[in-house]
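Okay, here's what each chain looks like letter by letter:
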Amino acid sequence: MASTTTGLPDRYRPLDQIGPDEVTPTGIIQSWRAKDRVLNRDVAIRVHIPAGPAAHTWITRALTAGGLATPALAMVYDASEGSLGQPGDDGTEERVGGHAAYVVNEWIDGETLADRLRSGPMPEREVRLVLRRLAEGVAEAHRVGLAVGGLSLENVVLRPNGLVGLRAVPAAAGTVDGDIAALGALLEACLSGVGPGARPMSGPSDLVALARRARSTEPGQGLSSVAAMAALLAERPRTGPTQSITPSRPGDGDGGRWRRPRDRRGGSEAPVRLEPGALPPVPPVPPVRPVPQPLPGAAPGGDTISVGTVGPVARSAPGIPREDNPFGVLHADDPGADDGYGAYPADPYAAEDDDADAARRHRLFVVGLPLLAVAVVIAIAWWFGSSVLSVADSVDESIDGSTPPPSSAPAAGEAAPESVAPGAVAAIEAAEVFDPFGDGEPENDGDVPLSYDGDPATGWSTLTYRGSPAFGNLKPGVGVLYDLGSVQQLAGVSLDSPSTGAPVEVRTSDSTGAAPEDFALAADGTLDESTDLPFEEPVTARYVLVWLTGLVDGPDGFSAQLDEVEVRTAG
């Protein structure tokens, strides 16, 4: 029997249509939320109109997606090409008596990414986590040759347990490059927001650059694959101080050290202009530096003048320097330049000072580096002698018969700093399966008392799931809620289980709740044959939730078991 609304088998009862119709080259796809009457769970169903050969390509893509097991992509439960409807009296096609072409997906509860971003951009850590998990799921589809398509803000759902999922898998058509560009658009939307709260894209430079690369169509500028994008999102951001590449003031850049001494030593002084028959001026002599030799003649054919024979001439001699002559040298076309004397440089020792500075730094480096190495060697030798040799001496003394004092035992009366000291075992008044995300099927509810009966040979186990240790990608977890009868000071929980490696959380509360978030997280870890989960500080609670967030592989599928649970009071 078929549903009169969509032409689906009677097993699926449509509840309400979700989203607009998707127009494809082969027809129209409608999306529905429906009830699976056999398994008593909500599912997402998409119906292709028309059915038959026109839906063949889409159904083939859906069958490929059915082999994937990743929480980022909605699982494919069922698919059928259907058949064309019976022709009516007027020649038009009727679907009465025919079957629809449909794909049945996992129904994903949660807030869509579009609704989340209407309040503004997401924090950096959440952006990296959501986009990385989604990119990893799409990359898994690409490995089996399936381009997912349909990567839109309305189809991406933030699950209540912190995971992310994509509805409508797969879309009617898609390409690998289209998936990369769509992920880039999602990353850009996460950094800018949508709707009234949107703002220009901003955030960490690596995320902004990654969004632009993913959407780039320039050769050599885009990303090669979605797997590369997932790897870049998984990398830790490179951060560090930003240094300016522009000097803050003139002379601070490369080479400024050589210009400043020359500017200080009279590069702006006016040249001295000599009258015919006058002796040329002599540069001032630094008081702390003796003159090594007489200065040479000012020009070819001039006299050789010693510093000691000619006194300094006042700097107020007439003459105006040229703007392109910073060193005060007179040229042949200047008045007085033909008297056989030229001008001396303002400071002949500027270059020598700079060379001396460089020589001093070189000597400091040559001498200081060996001294530093010697100091390091001395420090290492001192540490070796004071630490290693002293330990060796103590070992020799113990061999001779001396008894070393105990060093690991804590002082009398000193409490362990790691956790709360445990006390007596609290009595458990009642317990029940806690399965807020289940579909109504009992989770071995009758075996719950075996988990606290004092017999480790008996216990409670989850149902067996297939396809994924994440409860077959059907829910985020399941647990057992223990009632202590009254509010007590608790120190920790001890668990006996054969399901080594299964992740577990211990949550507490003064009252019952409808979701794991209603209970405060007190401790977490992985199950072993015997597992102690102490609390960091005493917890006041009546209800203790042992919440399993993953399963382990077994002969028939994935499951986890609790043989014995003990709740310890604070000592």
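Reference entry: report on the structure contained in this document.

Rules of the game
- Residues numbered from 1 in each chain as written.
- Predicted model: local features only at pLDDT ≥ 70, side-chain atom pairs only at ≥ 80, totals over all residues.
- Heavy atoms only, no water.
- Core = buried A, V, L, I, M, F, W, Y, C linked by side-chain atoms within 4.5 Å.
- Buried < 20%, exposed > 50% of the residue type's maximum accessible area, 1.4 Å probe, protein only.
- Contact = heavy atoms within 4.5 Å.
- 1 Å grid on protein atoms, 1.4 Å probe; cavity = no way out; pocket = protein on both sides within 12 Å on 5 of 7 lines; lining within 4 Å.
- Points joined across faces, edges and corners; volume = space filled by probe spheres on them.
- Nonpolar A, V, L, I, M, F, W, Y, C, P; charged D, E, K, R; others polar.
- Helix = DSSP H or I, 4+ residues; strand = E, 2+ residues; numbered from the N terminus.
- Axes fitted to C-alpha atoms, helices over the stretch in contact; angles between N-to-C directions.
- Parallel < 35°, antiparallel > 145°, perpendicular 65-115°, else oblique.
- Arc of directions from axis to C-beta.
- Left-handed = near helix turned anticlockwise from the far one by under 90°.
- Patch = residues over 30% accessible without salt bridge, like charges linked within 9 Å, V, L, I, M, F, W, Y side chains within 5 Å.
- Areas by Shrake-Rupley, 256 points an atom, 1.4 Å probe, with all protein chains shown as cover.
- Salt bridge = Lys/Arg side-chain N within 4 Å of Asp/Glu carboxyl O.

1. A look at the nonpolar core
Counting residues in hydrophobic clusters, the biggest one holds 56 residues, and the most contacted among them are Leu113, Leu183 and Leu186. Once you skip the residues sitting within four places of it in the chain, leucine 113 turns out to touch Met122, Leu153, Val156, Leu158, Leu186 and Cys190. The next biggest cluster of nonpolar side chains, apart from the first, holds 34 residues, and it includes Val478, Leu484, Val504 and Leu562.

2. Description of the layout of surface pockets
Of the voids in this model, the largest pocket is the one considered here, and its volume is about 940 Å³. What lines the largest pocket is a set of 34 residues, among which Phe437, Asp439, Asn473, Leu474 and Lys475 lie closest to the centre. Residue classes in the lining of the largest pocket are distributed as 15 nonpolar, eight polar and eleven charged. Lining the second largest pocket we find 19 residues, and of these Ile18, Gly19, Ser31, Asn155 and Ala168 sit closest to its centre. When contributions to the lining of the second largest pocket are tallied by element, the ones reaching two or more residues are β3 (27–36) and β4 (41–49). The residue makeup of the lining of the second largest pocket, split by class, is seven nonpolar, seven polar and five charged.

3. Quick word on the packing of helix α5 (residues 205–215) against helix α6 (residues 226–234)
Angle between the axes and distance between the axes: these two values describe a pair of packed helices. Interaxial distance between α5 and α6 falls to 11 Å at its minimum, and their mutual angle equals 175°. As far as their axial angle goes, α6 and α5 are roughly antiparallel. Residues Leu207, Leu210, Arg213 and Ala214 of α5 form the contact with α6, whose participating residues are Met229, Leu232 and Leu233. Residue classes in the contact of α5 with α6 are distributed as six nonpolar, no polar and one charged.

4. Structural notes on α5
Inspection of α5 places Leu207, Val208, Leu210, Ala211 and Ala214 among the buried residues, and these make up the whole buried set. Burial along α5 is one-sided: seen end-on, the buried residues are contained in an arc of 160°. Of the exposed residues in α5, the ones pointing more than 90 degrees away from its buried face are Ser205 and Arg212. Looking at the buried residues of α5, the elements they touch are α3 (124–143), α4 (176–192) and α6.

5. A closer look at the packing of α4 against α5
It is the contact of α4 with α5, at a shortest axis distance of 7 Å, that shows an interaxial angle of 145°. For the crossing formed where α4 meets α5, the hand is left-handed. Between α4 and α5, the contacting residues are Ile180, Ala181, Gly184, Ala185, Leu187, Glu188 and Leu191 on the first element and Leu207, Val208, Leu210, Ala211, Ala214 and Arg215 on the second. Of the residues that constitute the contact of α4 with α5, the class distribution is ten nonpolar, one polar and two charged.

6. What to know about a nonpolar patch on the surface
The grouping of Phe365, Val366, Val367, Leu369, Leu371, Leu372, Val376 and Ile380 at the surface amounts to a nonpolar patch, some 790 Å² of accessible area in total. One can find leucine 371 in helix α8 (residues 350–399). Classification of leucine 371 as exposed rests on a relative accessible area of 56%.

7. As for unusual backbone geometry
Proline 50 follows isoleucine 49 through a cis peptide bond whose omega is 5°. Here the bond from valine 169 into proline 170 is cis, since omega is -5°, no more than 30 degrees from zero. Residues other than glycine seldom take positive phi values, yet asparagine 444 does so here, at roughly 55°. Residue placement: asparagine 444 occurs in the loop between β11 (430–434) and β12 (460–461). Note on asparagine 444: relative accessible area 29%, which makes it partly exposed. Unusually for a residue other than glycine, phenylalanine 471 sits at a positive phi of about 55°.

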